[in-house]
2 protein chains.
Amino acid sequence: MFRRWFVPIAATITALTFLLSFTIHPAKSQSNALWQVYETSLKSAKYVDLTHAFSPTIPVWQGFGKATFKPAVAGAEIPDYVKVGEEYTYGTHGFIATAYELPTDQYGTQLDPPAHWEEYGATISDLPATFAVRPLVVIDIHEKVAQDPGYHATIDDIKAWEAKHGTIPEGAVVMIRSDWYKKWFTETARFNQKPFPGVKLDALQFLHLERQILFHGHEPLDTDTTPNLEGEAWLLHNHYTQAEGVANLDQVPAAGALVSIGFAKPEGGTGGYARYIAICPPDWQYGVSVLEAPGAPLPKQPHPLRRDANGVLKPTP
Amino acid sequence: MFRRWFVPIAATITALTFLLSFTIHPAKSQSNALWQVYETSLKSAKYVDLTHAFSPTIPVWQGFGKATFKPAVAGAEIPDYVKVGEEYTYGTHGFIATAYELPTDQYGTQLDPPAHWEEYGATISDLPATFAVRPLVVIDIHEKVAQDPGYHATIDDIKAWEAKHGTIPEGAVVMIRSDWYKKWFTETARFNQKPFPGVKLDALQFLHLERQILFHGHEPLDTDTTPNLEGEAWLLHNHYTQAEGVANLDQVPAAGALVSIGFAKPEGGTGGYARYIAICPPDWQYGVSVLEAPGAPLPKQPHPLRRDANGVLKPTP
């Protein structure tokens, strides 16, 4: 009996507490509803980073080049402080900064805006503020990809997900789990070689036209292996966005998580250097909660930061 | 009577619906609790972008230089398709991309990690996944700044906020509204001239040590006007982060909103090219909801995209 009645009883207490809060302070409760959401649902959630950090050594399409990371130097003389071209250092100036040469914005974990392919398309800085937090759907094709690395997700894969979890929520972000991301560090060249897993054009059309999703995402750096990249062409020319180079989809639930969508905002940019965070239920086995990783203060490095041969700062004994 | 009882009655209906959902499908409701949060609280919320898009013409500290934006070119020859150094164009190649030279990561709307000043500090790629969605507190000093542009927020300003809204939630992001951001386009040089509004060191210490906030943010490009930047020094050497160059804080509520924290994730980076989105209550007067700006498909540009003299893509008649 305990098990059978525990959930309804707990829910009743929650509901009555909720009701009571309205009865006593209607105005305050109304304005604090989102903070209540944070306290009851987001604070104890498990956060999983779906982002590869980008660096000069990551996979990139062969038609572009790789990024250069280097120390920031003075762009102008400041008398008695710094000369033009002098590197800023912790010792002399009290701080450092990093300079980047990025030959492309199609780099690392990305958010592609339509302007990448479509000359009437929205740029990265045109994306509305509602690109923020959305339901996260994960469609798992990793076992099929293990059998056939060129496997492309189908409408049937989507319908199989829906048979288990219900209709995909409108406005969701739908990520395709292939486990291809595991090759990111070990088989960099593999991101420029076919076969690799993709998503079929009719599956993308189903997701957008029948389910009205916000965007889909995948782990490789292209949407499919067709010669004319028909999936990406259809998406961007029809004013949809997409995520590429996504990581850690094996560590999030197929349904029930949210995703926080972050990216740098260069004006008129044709690509998004992105950061996606999955927000999973409190009892999820992966990720960290705010209680476990509050973020302030942050842990101290074990060794001082020094640049490696590629200009990347790392704690260095 | 209607007004007096409406809120409790509506809350009762909500509470009973909530209770019923648990009674009928306890397991499913549990795993879908975060999606329920999206449907009931986030979908109808009003989203306000707190980010300046960055470009080659924005304010930057005089000791650095400004960014360069330019078309991406081929980094390698691909026979019968592109030669090294050839610009990718919509017409010839079917797509474009953008290349950036960023002389500093202290640029635009930022998230400063400790590594910017502290050689044992966390870098931008070390920040935990829990930098995602937090309560947003806005402390308003804009009227004092209108009288005295060098005004710095005090512990009393924080306590005045708390007298109205209650104790600042642990883990919150606390933004200081000065309305200084309104000078971003019109008085660029003003971001390198004192006086400008700041935050007093003891106020920062109060926020972190007494209230355990995640980070504070401000609209200018520095935390205070002391000669040794004592606020930033204390924050970063004590392994805290901070936001700079924040915009539109006059368009969000003092209490009750959430903030979505996004940024590019270069490995070992000393700065964060950031994007902050305020998530405000549904009846808030500013911002757009997911229903109003679903984000898919995105609006078409009125004219084709062309680069301006600074390399920034803009719809151009």
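First things first, this report covers the structure right here in the doc. (Residues numbered from 1 in each chain as written. Chains lettered and ligands numbered in written order. Predicted model: local features only at pLDDT ≥ 70, side-chain atom pairs only at ≥ 80, totals over all residues. Heavy atoms only, no water.)

For helix α6 (residues 155–165) of chain A, the full list of buried residues reads Asp157(A), Ile158(A), Trp161(A) and Glu162(A). Along the axis of α6(A), the buried positions cluster into a sector of 140°, meaning they face one direction only. Away from the buried face of α6(A) by more than 90 degrees, exposed residues Asp156(A), Ala163(A) and Lys164(A) are located. Where α6(A) is buried, its residues meet β5 (133–140), α5 (142–147), β6 (152–153) and α7 (201–210) of chain A together with α3 (33–42) of chain B. Its side-chain oxygen at 3.2 Å from the backbone nitrogen of Asp156(A), Thr154(A) defines the N-terminal cap of α6(A). (Buried < 20%, exposed > 50% of the residue type's maximum accessible area, 1.4 Å probe, protein only. Helix = DSSP H or I, 4+ residues; strand = E, 2+ residues; numbered from the N terminus. Arc of directions from axis to C-beta. Contact = heavy atoms within 4.5 Å. Polar contact = N/O pair within 3.5 Å; in protein donor to acceptor, adjacent residues only side chain to side chain.)

Moving on, we come to the pairing of strand β1 (residues 46–49) of chain B. Along a regular strand, successive side chains alternate from one face of the sheet to the other. All names here are of chain B. Side-chain alternation along β1 places Lys46 and Val48 on one buried face and Tyr47 and Asp49 on a second face that is also buried. Of the strand pairs in this sheet, β1 and strand β12 (residues 274–280) are connected by four bridges, and their pairing is antiparallel. Across the sheet, Val48 pairs through a bridge with Ala278, a residue of β12. (Pairing = 2+ DSSP bridges.)

So, about unusual backbone geometry. Cis geometry is adopted by the peptide bond preceding Pro195(A), which originates at Lys194(A) and carries an omega value of 0°. Tracing the backbone shows Pro195(A) in the loop between β7 (173–177) and β8 (198–199). In this structure, Asn248(A) takes a positive phi of about 65° despite not being glycine. Positive phi, normally seen in glycine, also occurs at Asp80(B), with a value near 60°. Relative accessible area serves as the criterion here: at 88%, Asp80(B) is assigned to the exposed category.

Structurally, Gly75(B) can be placed in the loop between β2 (68–71) and α4 (90–93). By relative accessible area, Gly75(B) is classed as partly exposed at 44%. With 210 residues separating them in the primary sequence, Gly75(B) and Gln285(B) have C-alpha atoms 48 Å apart. Each residue touching Gly75(B), except ones within four places of it in the same chain, is listed here: Gly63(A), Phe64(A), Gly65(A) and Val84(B).

Attention now moves to the interface of chain A and chain B. Taken together, the 134 residues of chain A in the interface contact 134 residues of chain B. Both sides of the chain A and chain B interface together cover about 10,500 Å² of buried area, and 65% of this is carbon and sulfur. Of all residues in chain A, the largest losses of buried area upon contact with chain B belong to Leu34(A), Trp35(A) and Arg275(A), amounting jointly to 8% of the total for that side. The tally of links from chain A across to chain B stands at six salt bridges. For Glu119(B), the salt bridge identified is with Arg306(A), shortest N-O distance 2.9 Å. For the side of chain A that touches chain B, the leading source of residues is helix α1 (residues 2–24) of chain A, giving ten residues. Class assignment of the residues belonging to the side of chain A that touches chain B gives a composition of 80 nonpolar, 37 polar and 17 charged. Sheet topology places strand β3 (residues 98–102) of chain A next to strand β3 (residues 98–102) of chain B; three bridges connect them, and they run antiparallel. Within β3(B), the position partnered with Leu102(A) by the bridge is Tyr100(B). (Buried area = accessible area lost by both parts, 1.4 Å probe. Salt bridge = Lys/Arg side-chain N within 4 Å of Asp/Glu carboxyl O. Nonpolar A, V, L, I, M, F, W, Y, C, P; charged D, E, K, R; others polar.)

Residue and element names in this part refer to chain B. Strand order in the open sheet made by the eight strands is β1-β12-β11-β5-β7-β9-β10-β4, with mixed pairing throughout. Each edge of the open sheet carries a strand with a single partner, namely β1 and β4 (110–112). Mean inter-strand twist for the sheet, computed between neighbouring axes without regard to direction, equals 30°. Lying on the sheet, helix α8 (residues 230–237) is in contact with β4, β9 (215–218) and β10 (241–244); it crosses β10 at an angle near 140°. (Axes fitted to C-alpha atoms, helices over the stretch in contact; angles between N-to-C directions.)

This part is about the pairing of β12(B). All names here are of chain B. For β12, a buried count of seven out of seven residues is recorded, marking the element as mostly surrounded by other parts of the structure. The two faces of β12 match: Ala274, Tyr276, Ala278 and Cys280 on one face and Arg275, Ile277 and Ile279 on the other face are all buried. In this structure, strand β11 (residues 257–263) lies alongside β12, joined through six bridges in antiparallel fashion. Following the sheet pairing, Val259 is matched in β12 by Ala278.

A full pass over the atoms with the stated rule returns 26 salt bridges over all chains. Members of the salt-bridge network, linked through shared partners, are Asp140(A), Arg177(A), Asp179(A), Lys182(A) and Asp250(A).

Right, let's talk about the sheet that holds strand β10 (residues 241–244) of chain A for a bit. Residues and elements named next belong to chain A. An order of β1-β12-β11-β5-β7-β9-β10-β4 is seen for the eight strands of this open sheet, with the pairing classed as mixed. Across the chains shown, the open sheet's two edge strands, defined by having one partner strand only, are β1 (46–49) and β4 (110–112). The mean angle between the axes of side-by-side strands here comes to 30°, regardless of whether they run parallel or antiparallel. One ladder, built from four bridges, connects β7 with strand β9 (residues 215–218); its direction is parallel. Bridged to Val173 within β9 is Phe215. Taken strand by strand, helix α8 (residues 230–237) contacts β4, β9 and β10, and its axis lies near 140° from that of β10.

A separate point is the packing of aromatic side chains. Taken as a whole, this structure holds 34 aromatic pairs over all chains when the rule is applied. On the basis of an interplanar angle of 10° and a centroid distance of 6.1 Å, the ring pair of Phe131(B) and Phe215(B) is categorised as stacked. Here Phe215(B) lies in strand β9 and Phe131(B) lies in the loop between β4 and β5 (133–140), a separation of 84 residues in the sequence. Phe215(B) shares its class with Phe131(B); the two are buried. Feature note: the residues Phe54(A), Phe69(A), Tyr100(A), Tyr107(A), Tyr273(A), Phe54(B), Phe69(B), Tyr100(B), Tyr107(B) and Tyr273(B) constitute an aromatic cluster, connected by ring pairs. For Lys183(B), the ring lying beneath its charged end belongs to Trp180(B), and the centroid distance is 4.7 Å. For Lys300(B), the ring lying beneath its charged end belongs to Tyr120(A), and the centroid distance is 5.0 Å. (Phe/Tyr/Trp six-rings, centres within 6.5 Å; stacked < 30°, edge-to-face > 60°. Lys NZ or Arg CZ within 6 Å of the ring centre and 35° of its normal.)

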